[in-house]
Amino acid sequence: MLALSADDLNDACASRRFVGLVASRGPFRDAAYLIDTCRNVWWHEAHVTDWLEAFAAHPRIGDLDSLKAKFTQFAKSSQTEQATAATASGDILQKLKSYNEKYETRFGHIFIVCASGKSASEMLDIVKARYNNAPHVELLAAATEQMKITELRLHKLIASQQQQAASQSDASMAAERRAGGAPTMRSPITTHVLDTSMGRPAPGVPISLHKECAESSGVWDCVASGQTNQDGRIGDLLAPSDLVLPGVYKMTFDMTSYMKDCKHLHPRFFPEQPFYPKVDVHFHISNSQTKQHFHVPLTWNPYGYSTYRGS
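Described below are features of the structure shown in this document. All residue numbers here refer to positions counted from 1 along the written sequence of the relevant chain. The predicted origin of the model limits local features to residues at a pLDDT of at least 70 and limits the giving and counting of side-chain atom pairs to 80 or more, whereas totals for whole chains, interfaces and linings rest on all residues. Hydrogens are left out, water is left out, and the side-chain values use all remaining heavy atoms of the structure.

**Describing unusual backbone geometry**
In this structure, P27 follows G26 across a cis peptide bond, with omega equal to -5 degrees. Helical segments are the DSSP runs of H or I of at least four residues, strand segments are the runs of E of at least two, and each set is numbered from the N terminus. On the secondary structure map, P27 appears in the loop between α2 (16–23) and α3 (31–44).

Okay, here's the thing in structure tokens:
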């Protein structure tokens, strides 16, 4: 059983109502139950004002003075998560500061992103992209990032036993691979696109992979993106792994630019406007399937498409 104090929960998410609601459900039988409880409270019981309170506790991304001003345990966690940004050039940090200010003026709250492992340049690109969101879309995006941060910090609090078990498992798997007993790891989710009208692979198709945030009502988190190669494939959509997280996924195929290229080469065959400019393919990975590989291809033509689970 896991028994977390209100202070522990507050270090993960500084919304007082969220902390009180989660704490009232404890103790928790395991980490998964704790995270599920947090997700359910965050998406179904917390109010928008609770979200905004959580946002306000964060120092601004890349703003070292803000980190120092909020020198609490919460800020120490933020400092660790923003460690990569702290090494950025003064020019990048100045641009981040400028966009933070523009963002706050537009949306009324600070820019929230799960900064762990991200460079300052990457975060600058993210804030630039999200600055163009509609306010209601951006509020959900910020809430999604806050939930990622909360989960990351909670996992760190209870990680020692899990890390020990994972280390033993990793050592066993590594020994098995050295002995030739296991195949080389690859992206657990792959895809390819076949243009059935031309009878060939479709290169240069942008593809994004989203995962529905657990316990949310249709809130999607972009977990990967890429573009098909000359063989119409993306083999490295996700980092190589033997495991994939369970849940509902959505793979989006943007056929617009590919269709324009086809129209240019074959003006009489392809229509002016694509009837299917984008294709969304939803699929579900259950808890019992997390060690399986998922190949989700698309066969497409200007007036129809199909998909299936491949190998």
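**Quick look at the pattern of salt bridges**
When a carboxyl oxygen of Asp or Glu is within 4 Å of a side-chain nitrogen of Lys or Arg, the pair counts as a salt bridge. For the coordinates displayed, the defined rule picks out 11 salt bridges. One connected set of salt bridges, linked through shared partners, spans D36, R39 and E151.

**Re the sheet that holds strand β7 (residues 278–285)**
Paired strands, in this sense, are two strands between which DSSP finds at least two bridges. Across the sheet, which stays open at both edges, the four strands sit in the order β4-β3-β6-β7 with antiparallel pairing between neighbours. Here the strands that pair on one side only, and so sit at the sheet edges, are β4 (220–227) and β7. In this sheet, neighbouring strand axes are inclined to one another by 20 degrees on average, regardless of whether the strands run parallel or antiparallel. Note that strand β6 (residues 247–254) and β7 share eight bridges and pair antiparallel. Bridge pairing links K250 to H282 in β7. Angles here are taken between N-to-C directions and fall from 0 to 180 degrees, while the axes themselves are lines fitted to C-alpha atoms, restricted in helices to the stretch in contact.

**Considerations on the side chain of K211**
Note that K211 resides in strand β3 (residues 206–212). Per-residue accessibility, obtained with a 1.4 Å probe over protein chains only, is compared with the maximum for each type, and a residue is labelled buried under 20%, exposed over 50%, and partly exposed between these values. His residues and chain termini do not enter the charge count, which takes Lys and Arg as positive and Asp and Glu as negative. Although K211 is buried, it forms no salt bridge, and the closest oppositely charged side chain is E151 at an N-O distance of 7.9 Å. Other than its neighbours up to four places away in sequence, K211 contacts V219, W220, D221, V223, L245, P246, G247, V248 and Y249. Should any heavy atoms of two residues lie within 4.5 Å, those residues are considered in contact.

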